[in-house]
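Residue-level structural notes
Take a look at the letters that make up each chain.
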Amino acid sequence: MNEIRIDVLIIGAGPSGCVSASYLHKQGKKIKVVEKSKFPRFVIGESLLPRCMEHFEEVGLLDALKDFGFEKKHGARFLRGDIVCNFDFSKKHTEGWDWTWQAPRADFDNVLATELVNRGVDIAFQHEVVDVVFNEDGTSVTSIKDENNSVYKIHAKHIIDSSGYGRVLPRLLDLDKPSTIPEHSSIFTHVKDTNRPEGEEGTIITFDVLDLDTWFWVIPFSNGDTSIGFVGKTAFLDSFKGSTTEKMQQLLKHSKYYYKRFEGLDFKFPPVHIKNYSKSVKQLYGKGYALTGNSAEFLDPVFSSGVTFATESAILAAKLITKELNGETVDWETDYTGYIMKGVNVFSTYVKEWYTGNLQTLFFHRPENQDVKRQICAVLAGYVWDETNPFVKKHDKIVKNLAYLIDMGKKEKANQ
Ligand code: FAD
């Protein structure tokens with residue numbers, strides 16, 4: 001049997017795996033990426049946050065992405081009835097990138113992986129991790145099934161599990177734990193957006209809020225296609241009858257703002273229905289491995305934090321593993337879990353407060369407070385580690401307290 005010996009095995013060639021691979025390759029480490037699909041492959045997660053641009057830039061992948069010409073995203077629009085809440089990333093509390101992309105992930109991830117292959121990174125497509133055995137010292141032996149169903153073994157000093165929804169190590173090591181985010185599900189597809197209006201209206205990314213738990217995303221791409229998707233309580237989406245195409249057609253009628261634009265358009269693929277997508281794990285690392293991206297945590301699509309979390313954790317895991325390979329000691333609990341969970345906890349509060357309605361109260365309260373808006377905008381741009389921002393530092397209280405004050409003010413006004 002073929003046996004390979006390397007420093008780091010990376011499972012999955014999504015944004016998380018590619019960012020880790022790019023960093024480690026630049027450091028001259030011996031790595032291999034195994035990816036079970038043939039690229040390009042579809043995956044959901046098309047709206048990025050400015051923060052992730054820093055990661056692509058740092059590992060040298062930004063120029064390849066820029067060359068492709070993805071649709072630029074300068075902010076995000078939230079609609080509720082007649083009220084519009086526009087966030088502009090150039091008007092945010094924290095310094096940093098003020099734009100990013102909204103992109104079909106088949107193309108986006110393919111650009112990343114192709115760039116790495118061109119640089120000489122070993123990516124084995126259609127090779128699937130089927131088993132991992134860890135030795136006491138943290139080194140591991142991984143069994144890989146190739147495209148011909150032959151199995152070979154990789155001996156690695158470290159593993160980065162960036163297998164996304166594959167969740168390779170959480171499954172094999174029983175690391176899953178229930179998420180604390182309330183259960184929601186999603187139905188989504190792409191359309192050829194033939195009724196797309198001219199100008200900004202045609203390209204702006206929008207979240208149409210239908211009720212407390214239900215919202216509709218519209219993500220226009222530069223290739224003329226648009227991603228459309230509904231998120232709602234699992235039971236609510238389950239209550240629609242028929243195929244996913246029929247469900248999607250019925251759901252579209254709920255968006256007064258967009259129904260005319262998307263009515264009657266063919267779906268480019270049968271809508272995908274993902275149930276109870278939030279995921280969590282008991283630990284983010286162990287002896288010889290680190291979990292990054294969706295393999296570790298996934299909260300909710302409402303603030304598009306998935307890819308940014310994937311690249312943030314990927315670059316950090318790659319840096320810490322590089323230190324260990326160079327003979328330095330790493331405090332994984334503080335430097336990995338401590339850091340990552342700070343950001344996850346901030347986003348987690350915002351997701352939870354979205355579904356309690358408190359954050360929606362802040363978004364749609366009029367007149368808007370521009371200071372509050374700049375601070376919330378920084379969070380929505382992914383700058384969730386900046387403790388000079390009160391909406392980061394006091395995330396667990398500030399949204400709740402401000403929403404309470406707004407509600408009290410409304411009640412007082414009504415009683416006058
Ligand atoms: P992935 O991109 O999933 O890549 C993992 C790779 O690992 C895949 O290519 C897979 O084939 C490979 N793999 C899996 N198992 C194995 C195996 N056994 N062996 C080898 N390879 C394997 N995020 C955003 O940032 N913006 C959004 O707008 C957004 N919308 C979302 C909407 C919904 C409904 C959902 C559910 C999620 C959304 N996300 C969004 C989250 C986003 O999909 C993920 O956070 C993101 O794709 C994570 O990237 P990753 O690199 O960790 O994993």
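Here is what the cut-offs are and how they apply
The residue numbers shown here count from 1 along each chain, following its written sequence. Restriction of local features to residues with pLDDT of at least 70 applies here, the model being predicted, together with a cutoff of 80 or more for giving and counting side-chain atom pairs; totals for whole chains, interfaces and linings are based on all residues. Just so you know, side-chain values use all the structure's heavy atoms and leave hydrogens and water out. Runs of H or I in DSSP of at least four residues are treated as helices and runs of E of at least two as strands, each being numbered from the N terminus. Expected span, for any helix, means 1.5 Å times one less than how many residues it has. Polar contact criterion, stated in full: a pair of N or O atoms within 3.5 Å, where within protein one must be able to donate a hydrogen and the other to accept it, and residues adjacent in sequence count only if both atoms are side-chain atoms. Being near a molecule or strand, for a residue, comes down to having at least one heavy atom within 4 Å of it. Residue polarity is assigned by list, with Asp, Glu, Lys and Arg as charged and Ala, Val, Leu, Ile, Met, Phe, Trp, Tyr, Cys and Pro as nonpolar; anything else, Gly included, falls into the polar class. Pairing between strands is defined by DSSP: at least two bridges between the two strands are required. For helices, the fitted line uses only the C-alpha atoms of the stretch in contact; every axis is such a line through C-alpha atoms, and the angle between N-to-C directions lies from 0 to 180 degrees. When checking whether two residues touch, look at their non-hydrogen atoms; a contact exists if any pair is within 4.5 Å. Stacked, tilted and edge-to-face pairs are distinguished by plane angle, under 30 degrees for stacked and over 60 for edge-to-face with tilted covering the rest, among Phe, Tyr and Trp rings (Trp via its six-membered ring) whose centres lie within 6.5 Å. Summary of the burial criterion: residues with accessible area below 20% of their type's maximum are buried, those above 50% are exposed, and those between are partly exposed, where the area comes from a 1.4 Å probe applied to protein chains only. Only when the NZ of Lys or the CZ of Arg is both within 6 Å of the ring centre and within 35 degrees of the ring normal is a charge said to sit over the ring. Should a side-chain nitrogen of Lys or Arg be within 4 Å of a carboxyl oxygen of Asp or Glu, the pair is scored as a salt bridge. UniProt positions are given in the numbering used here, feature names are shortened, and annotations may be inferred rather than shown by experiment.

On to helix α11 (residues 332–356). Every α-helix carries 3.6 residues per turn, so stepping three or four residues along brings you back to the same face. Given a rise of 1.5 Å per residue, 25 residues ought to cover 36 Å, and the 34 Å separating the end C-alpha atoms of α11 matches this to within 8%. You can read the cap of α11 off the contacts: a side-chain oxygen lies 3.2 Å from the backbone nitrogen of E333, and it is on D331. Two residues or fewer past α11, G357 is found with a positive phi of approximately 100°.

The next subject is the site of the ligand. Around the ligand lies a shell of 37 residues, among which E35, I44, S47, Y165 and N294 are the nearest. S37 places a side-chain nitrogen or oxygen 3.0 Å from an oxygen atom of the ligand. Measuring from an oxygen atom of the ligand, one finds a side-chain N or O atom of R105 at 2.8 Å. When residues of the shell around the ligand are traced back to their parent elements, those giving at least two are α1 (15–26), β2 (31–35), β8 (128–134), β12 (184–192) and α10 (306–325). Per-element tally for the shell around the ligand: the top contributor is α10, with 3 residues. Within the shell around the ligand, the residues separate by chemical class into 15 nonpolar, 16 polar and 6 charged.

In this section: the sheet that holds strand β4 (residues 75–80). Here we have 7 strands laid out as an open sheet, ordered β5-β4-β13-β14-β15-β12-β16, and mixed in their pairing. Looking at the sheet topology across the chains shown, the edges are occupied by β5 (83–88) and β16 (272–274). Ignoring strand direction, the axes of neighbouring strands in this sheet form an average angle of 15°. Two strands pair when backbone bridges link them, and β12 and β16 are joined in this way by 3 bridges, in the antiparallel orientation. Directly across from S186, in β16, lies its bridge partner I274. Lying over the sheet, α11 contacts β4, β12, β13 (206–209), β14 (215–220) and β15 (225–233), oriented at roughly 125° with respect to β14.

We now examine the packing of aromatic side chains. Taken as a whole, this structure holds 34 aromatic pairs when the rule is applied. Taking the centre distance of 6.5 Å and the plane angle of 55° together, the rings of F78 and F303 count as tilted. Of this pair, F78 sits in strand β4 while F303 is found in the loop between β19 (289–291) and α10, placing the two residues 225 residues apart along the sequence. Note on F303: relative accessible area 4%, which makes it buried. Taking the centre distance of 6.2 Å and the plane angle of 80° together, the rings of F216 and F262 count as edge-to-face. A residue pair is termed long-range when its members are at least 10 positions apart, and F216 in strand β14 and F262 in helix α9 (residues 259–262) qualify at 46 residues. The pair F216 / F262 is uniform in exposure class, with both members buried. Pairwise contacts between aromatic rings join F42, F78, F87, F188, F207, W215, W217, F269, F303, W354, F363 and F364 into one cluster. Stacked on the ring of W99, the Lys or Arg K72 has its end atom at 4.3 Å from the ring centre. It is K373 that lies over the ring of F87; its NZ or CZ is 5.4 Å from the centre.

With that settled, the discussion passes to the pattern of salt bridges. A side chain with one charge may pair with a side chain of the opposite charge, provided their charged atoms come close. Following the criterion strictly, the structure yields 24 salt bridges and no others. In this structure, the salt-bridge partner of E58 is K319, at a minimum N-O distance of 2.8 Å. Separated by 261 residues along the polypeptide, E58 in helix α2 (residues 51–58) and K319 in helix α10 bring together distant segments of the chain. Its relative accessible area of 29% is what places K319 among the partly exposed residues. The salt bridge partner of E387 is K393, with a shortest N-O separation of 3.9 Å. Overlapping salt bridges bring together R41, R105 and D109 as one network.

Look at the UniProt record and you will see "domain: FAD-binding" (unreviewed entry) annotated at residues 6–176. Helix and strand shares over residues 6–176 are 27% and 33% respectively, and the end C-alpha atoms of the span are 27 Å apart.

This brings us to the pairing of β4. On a regular strand, each side chain points to the face opposite its neighbour's, so the side chains alternate between the two faces of the sheet. Most of β4 is tucked away: 5 of the 6 residues are buried. Of the pairings in the sheet, the one linking β4 to β5 comprises 6 bridges and is antiparallel in character. Along β5, the bridge assignment pairs G75 with D88. Counting the residues in the hairpin turn of β4 and β5 gives 2 residues, including G81, whose phi is positive at 60°. Pairing of β4 with β13 involves 3 bridges; the strand directions are parallel. Bridge assignment links F78 to a residue of β13, and that residue is F207.

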